[in-house]
Amino acid sequence: MPVTSRKKPDHPATVRTSDAFAAVADAPAVRPKKQAVRLEQILDAAEQVVAQWGPTASTMDQVAKAAGLSRPLVYVYFQDMQAIMRAVALRALQQLDGRFAAAAGSEKLGLRQVLAIGQAYIRFAQEQPQRFAVLSLCEAQQPDAGSDQAVWQNLMQGGQRLHAHTEAALRTGVNDGSIRPDLTNIDVLSKTLWAFVHGALQLTQTKRSVIEYEGHTMDTFLQGSMDFAMQALGRRG
């Protein structure tokens, strides 16, 4: 899951005593329900900020302001922006897990299940561009000595759950005859399909002007990509 250069945490040089006391006093004694609500409040604000500034330009100041909280209080819950981005990425993985499960369950043939999962991923990227951007950023990073290993483990496991949906659909397709029987390395095939669809989605975001200049809409480009993938998977003869 791409590595960016590690930035120093943007902690304030000085913090007003009253703010620091309020932040520290609030966290240890905070009730679990209140803590969960505040976490969601911060993550909702982070997504708003990412939607406006992008995942790499967003700051703790912006998140605190959007959440209506003091900056020291946000630091009580998250040590830096990378920690916030990883929490948003976990949100994205959980949402995708539900969407992939529903997509696969809507079809009987394995090939159709794979198509439905791919279409669900495309809709997610279009409907939740900020989550897609954050997830893409976190997937491009590698854990370092300062990383929260438990969070990274959750991210890896979340990605594995997504691939499990695609792998199950591929196996179903091989068994029901809708997918070529010679495609036996299901694990590699699942990740290849992910790379293909994810790459197509990123092109619609980073090379939109090129695609449109050549006479394609984003929808027709993505549909053509999915058609190609399905033809490559489908049983021949």
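Above this text you will find the structure in question.
This is a predicted model, so every value here is computed, not measured.

1. Concerning the pattern of salt bridges
Item 1. For the structure shown, the criterion picks out 10 salt bridges.
Item 2. The residue Arg 91 makes a salt bridge to Glu 47 at a minimum N-O spacing of 2.8 Å. Of this pair, Arg 91 sits in helix α5 (residues 81-105) while Glu 47 sits in helix α2 (residues 32-53), and the two are 44 residues apart along the sequence. The same class applies to Arg 91 as to Glu 47, namely buried.

2. As for the nonpolar core
Item 1. Counting residues in hydrophobic clusters, the biggest one holds 62 residues, and the most contacted among them are Ile 84 and Leu 233.
Item 2. Ranked by the residues each element gives to this core, the list is headed by α5, at 14 residues.
Item 3. If we skip the residues at most four places from it in the chain, Ile 84 touches Ile 42, Leu 43, Ala 46, Met 60, Val 63, Val 74 and Phe 78.

3. Considerations on the packing of aromatic side chains
Item 1. For the coordinates displayed, the defined rule picks out three aromatic pairs.
Item 2. In this structure an aromatic cluster arises from ring pairing among Phe 100, Tyr 121 and Phe 132.

4. Details of the environment of Leu 109
Item 1. With respect to the secondary-structure elements, Leu 109 resides in the loop between α5 and α6 (110-127).
Item 2. Judged by its relative accessible area of 44%, Leu 109 falls in the partly exposed class.
Item 3. For the pair Leu 109 and Thr 172, spaced 63 residues apart in the sequence, the C-alpha separation amounts to 7.1 Å.

5. Concerning the side chain of Gln 128
Item 1. As for its position among the elements, Gln 128 is in the loop between α6 and α7 (129-139).
Item 2. Judged by relative accessible area, which is 18%, Gln 128 ranks as buried.
Item 3. Once you skip the residues sitting within four places of it in the chain, Gln 128 turns out to touch Glu 47 and Gln 95.

About the cut-offs
- Residues numbered from 1 in each chain as written.
- Predicted model: local features only at pLDDT ≥ 70, side-chain atom pairs only at ≥ 80, totals over all residues.
- Heavy atoms only, no water.
- Salt bridge = Lys/Arg side-chain N within 4 Å of Asp/Glu carboxyl O.
- Helix = DSSP H or I, 4+ residues; strand = E, 2+ residues; numbered from the N terminus.
- Buried < 20%, exposed > 50% of the residue type's maximum accessible area, 1.4 Å probe, protein only.
- Core = buried A, V, L, I, M, F, W, Y, C linked by side-chain atoms within 4.5 Å.
- Contact = heavy atoms within 4.5 Å.
- Phe/Tyr/Trp six-rings, centres within 6.5 Å; stacked < 30°, edge-to-face > 60°.

Keep in mind these values describe shape, not function.
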